[in-house]
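Here's the letter readout for the chains.
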Amino acid sequence: MNFLETVMEKWNTFTAKARPVLESAQNVCTETGRAVKNVSSYVIKMRKIFLAIPVVWGAIYMAIYNEANLPAIVGLDLQTNGDFGIQVIRELAVLGPVVITGVCLLLMFCSRRLLTPWLVSMFSLLLPVIILITNTFPA
């Protein structure tokens, strides 16, 4: 027996033993692929809800944070001389951005397009931050 025949014989033995393992791995991959396809189709159908969850969480978190850290009278419309043009109570300054974010999310759910109203709702989360900064560090 020469070297090539020995190698081919060992290769055939190896492939005969490996074939069931490879077939079972292929079956697992097929089932996993099917599961991933099912989950991804579910996520795509519910993408508006999945995108709204972090926005709602951020709005609630910022409302709670601003409720604890804003003064009793909150100034809006900071003038060039350092005074505020409009002053409102804390609850209105806290709930105003939450209402604006909620309206943006409502428009997102009513819209056929998804990304633009969602981005507007994400940018509406900057309102409580701006209110907090302008009342913490006035000019």
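Scroll up to find the structure this text is about.
These numbers come from a predicted model, not from an experiment.

Novice: I would appreciate a short explanation of the pattern of salt bridges in the present structure.
Specialist: Between side chains of opposite charge, pairing is possible as soon as their charged atoms come close. Taken as a whole and judged by the stated rule, the model has 1 salt bridge. Here glutamate 67 and arginine 90 are joined by a salt bridge, their closest N and O atoms 3.9 Å apart. Taken as a pair, glutamate 67 in helix H2 (residues 47-69) and arginine 90 in helix H3 (residues 90-110) lie far apart in primary sequence, 23 residues in all.

Novice: I'm lost on the pairing of strand E1 (residues 73-78) in this one. Help?
Specialist: Walk down a regular strand and you will see the side chains alternate between the two sheet faces. Across 5 bridges, E1 lies against strand E2 (residues 84-89) in antiparallel orientation. Note that in E2 the partner of isoleucine 73 across the bridge is isoleucine 89. Taken together, E1 and the strand that follows it, E2, pair antiparallel across an intervening segment of 5 residues, in which glycine 82 is found at a positive phi of about 100 degrees.

Novice: Would you mind showing me how to read the packing of H2 against helix H5 (residues 126-136) here?
Specialist: The packing of two helices is summarised by the inter-axis angle and the distance between the axes. Remark: H2 packs on H5, axes separated minimally by 10 Å, with the N-to-C direction vectors making an angle of 15 degrees. By the angle between their directions, the pair H2 and H5 is classed as roughly parallel. Between H2 and H5 lies a crossing whose hand is left-handed. Contact residues: H2 offers Met62, Tyr65, Asn66 and Asn69, while H5 offers Pro128, Val129 and Leu132.

Novice: Would you explain the packing of aromatic side chains in this entry?
Specialist: One pair of aromatic rings is described through two measures. These are the centre distance and the angle between the planes. As enumerated under the stated definition, the model contains 4 aromatic pairs in all. Pairing tyrosine 42 with phenylalanine 50 gives two aromatic rings, centres 6.3 Å apart and planes at 75 degrees, and the pair type is edge-to-face. With a centroid separation of 5.4 Å and 15 degrees between ring planes, the pair formed by tryptophan 57 and tyrosine 61 is classed as stacked. Within this pair, tryptophan 57 and its partner tyrosine 61 are both found in helix H2, separated by 4 residues, close to a single helical turn. A relative accessible area of 59% places tryptophan 57 in the exposed class. Take tyrosine 61: its relative accessible area is 46%, and that puts it in the partly exposed class. Members of the aromatic cluster, joined through ring pairs, are Trp57, Tyr61 and Tyr65.

Reading the values: the criteria
- Residues numbered from 1 in each chain as written.
- Predicted model: local features only at pLDDT ≥ 70, side-chain atom pairs only at ≥ 80, totals over all residues.
- Heavy atoms only, no water.
- Salt bridge = Lys/Arg side-chain N within 4 Å of Asp/Glu carboxyl O.
- Helix = DSSP H or I, 4+ residues; strand = E, 2+ residues; numbered from the N terminus.
- Pairing = 2+ DSSP bridges.
- Axes fitted to C-alpha atoms, helices over the stretch in contact; angles between N-to-C directions.
- Parallel < 35°, antiparallel > 145°, perpendicular 65-115°, else oblique.
- Left-handed = near helix turned anticlockwise from the far one by under 90°.
- Contact = heavy atoms within 4.5 Å.
- Phe/Tyr/Trp six-rings, centres within 6.5 Å; stacked < 30°, edge-to-face > 60°.
- Buried < 20%, exposed > 50% of the residue type's maximum accessible area, 1.4 Å probe, protein only.

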